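An overview of the molecular structure
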Amino acid sequence: MKIDATFVPLIGGVGQIGIEIHPNQIVLDLARAFSGRYKLLHAPAVISDLTIKKNMEMEKSLSEVMEYVHRTTVAVVGIGAPTEKSTMLATGYFDEEKGKKIRDLHLVGDICLQLYDINGNYSLFSENKTVFGMELEDLQKIRRVVGVAGGTHKVDAIIGAIQGKYINVLVTNYSNAKKINEFV
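Notes on the structure follow.

Definitions and cut-offs
Residues numbered from 1 in each chain as written. Predicted model: local features only at pLDDT ≥ 70, side-chain atom pairs only at ≥ 80, totals over all residues. Heavy atoms only, no water. Pairing = 2+ DSSP bridges. Helix = DSSP H or I, 4+ residues; strand = E, 2+ residues; numbered from the N terminus. Right-handed = clockwise from strand over helix to strand, strands pointing away. Buried < 20%, exposed > 50% of the residue type's maximum accessible area, 1.4 Å probe, protein only. Contact = heavy atoms within 4.5 Å. Phe/Tyr/Trp six-rings, centres within 6.5 Å; stacked < 30°, edge-to-face > 60°. Lys NZ or Arg CZ within 6 Å of the ring centre and 35° of its normal. Axes fitted to C-alpha atoms, helices over the stretch in contact; angles between N-to-C directions. Parallel < 35°, antiparallel > 145°, perpendicular 65-115°, else oblique. Left-handed = near helix turned anticlockwise from the far one by under 90°. Polar contact = N/O pair within 3.5 Å; in protein donor to acceptor, adjacent residues only side chain to side chain.

Every other side chain in a regular strand lies on the same face of the sheet, so the side chains alternate between the two faces. Where strand β3 (residues 74-78) and strand β6 (residues 144-148) come together, 5 bridges link them in parallel fashion. When the sheet's bridge partners are listed, Gly78 is paired in β6 with Val148. As paired elements, β6 and strand β7 (residues 169-171) share 3 bridges and run parallel to each other. Its bridge partner being in β7, Gly147 is matched across the sheet by Leu170. With respect to chirality, the unit in which β6 leads through helix α7 (residues 155-163) into the neighbouring parallel β7 is right-handed.

The following block contains the structure:
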């Protein structure tokens with residue numbers, strides 16, 4: 001099926017993990033599957049120094065892609081939960097000290113590597129500002145955001161994503177849907 005669309009990653013690359021979950025690779029796969037166009041974001045997902053991040057945002061090749069990111073009308077995002085087995089922790093961006101902070105702040109989920117609590121509040125975790133790409137407050141402005149999450153360990157993460165209005169469509173398993181329906 002061919003569609004007239006340009007696919008873009010919402011965040012930079014996520015470290016030295018499997019290529020099949022790298023944002024640029026996902027964009028390439030989708031663009032090929034739908035015979036669409038694509039723009040790749042050749043930047044790390046997390047930048048430790050905010051000054052470097054600001055300078056990178058002004059870099060022409062990156063700012064051109066970010067213009068597409070900010071014009072996104074439909075987004076598909078994974079909903080993660082900060083557990084020991086999560087992709088977010090597997091990337092190595094968060095050490096044990098940050099893991100303790102995540103637990104102490106009762107953060108339950110992440111979208112685009114930005115953490116939030118059960119109420120969808122993302123401002124508690126200052127490290128969210130180090131992510132290169134779409135910020136959660138900008139995600140709220142997108143017309144259609146499809147959140148994808150499976151596994152009962154992600155129920156609180158899904159509830160937080162709904163409470164924060166980061167998603168307005170959910171793809172999940174039946175047991176999660178039942179638990180979420182009991183909550184809302």
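Okay, back to it.
Here we come to helix α1 (residues 23-33). Along α1, the positions that sit buried rather than exposed are Pro23, Asn24, Gln25, Val27, Leu28 and Ala31. Where the residues of α1 are buried, they touch β1 (6-7) and β2 (37-38). Trailing α1 by a residue or two, Ser35 shows a phi angle of about 50°, which is positive.

If you walk through the whole model with that rule in mind, you get 3 aromatic pairs. Taking 6.2 Å as the distance between ring centres and 20° as the angle between the ring planes, the aromatic pair formed by Phe7 and Phe34 counts as stacked. Here the residue Phe7 occupies a position in strand β1, and Phe34 occupies one in the loop between α1 and β2, the gap between them amounting to 27 residues. Looking at Phe7, the relative accessible area reads 15%, which means it is buried. Judged by its relative accessible area of 29%, Phe34 is partly exposed. One aromatic cluster is present, formed by Tyr116, Tyr122 and Tyr166 through successive ring pairs. Between the NZ or CZ atom of Arg71 and the centre of the ring of Tyr68, over which it lies, the distance is 4.6 Å.

Running from N to C, α7 and helix α8 (residues 174-183) point in directions that differ by 50°, and their axes come no closer than 10 Å. Relative to α8, α7 is oriented oblique. Taken as a pair, α7 and α8 cross one another with a handedness that is right-handed. Here Val155, Ile158, Ile159, Ile162 and Gln163 of α7 come into contact with α8, specifically with Asn176, Lys179, Ile180 and Phe183.

Here the focus is the side chain of Lys53. With respect to the helices and strands, Lys53 occurs in helix α2 (residues 50-58). Residue classification places Lys53 among the buried residues on the basis of a relative accessible area of 6%. Only 2.6 Å separates the side chain of Lys53 from the backbone oxygen of Lys129, close enough to count as a polar contact. Among all residues touching Lys53, those that are not within four sequence positions of it are Ile47, Lys129, Thr130, Val131, Phe132 and Glu135.

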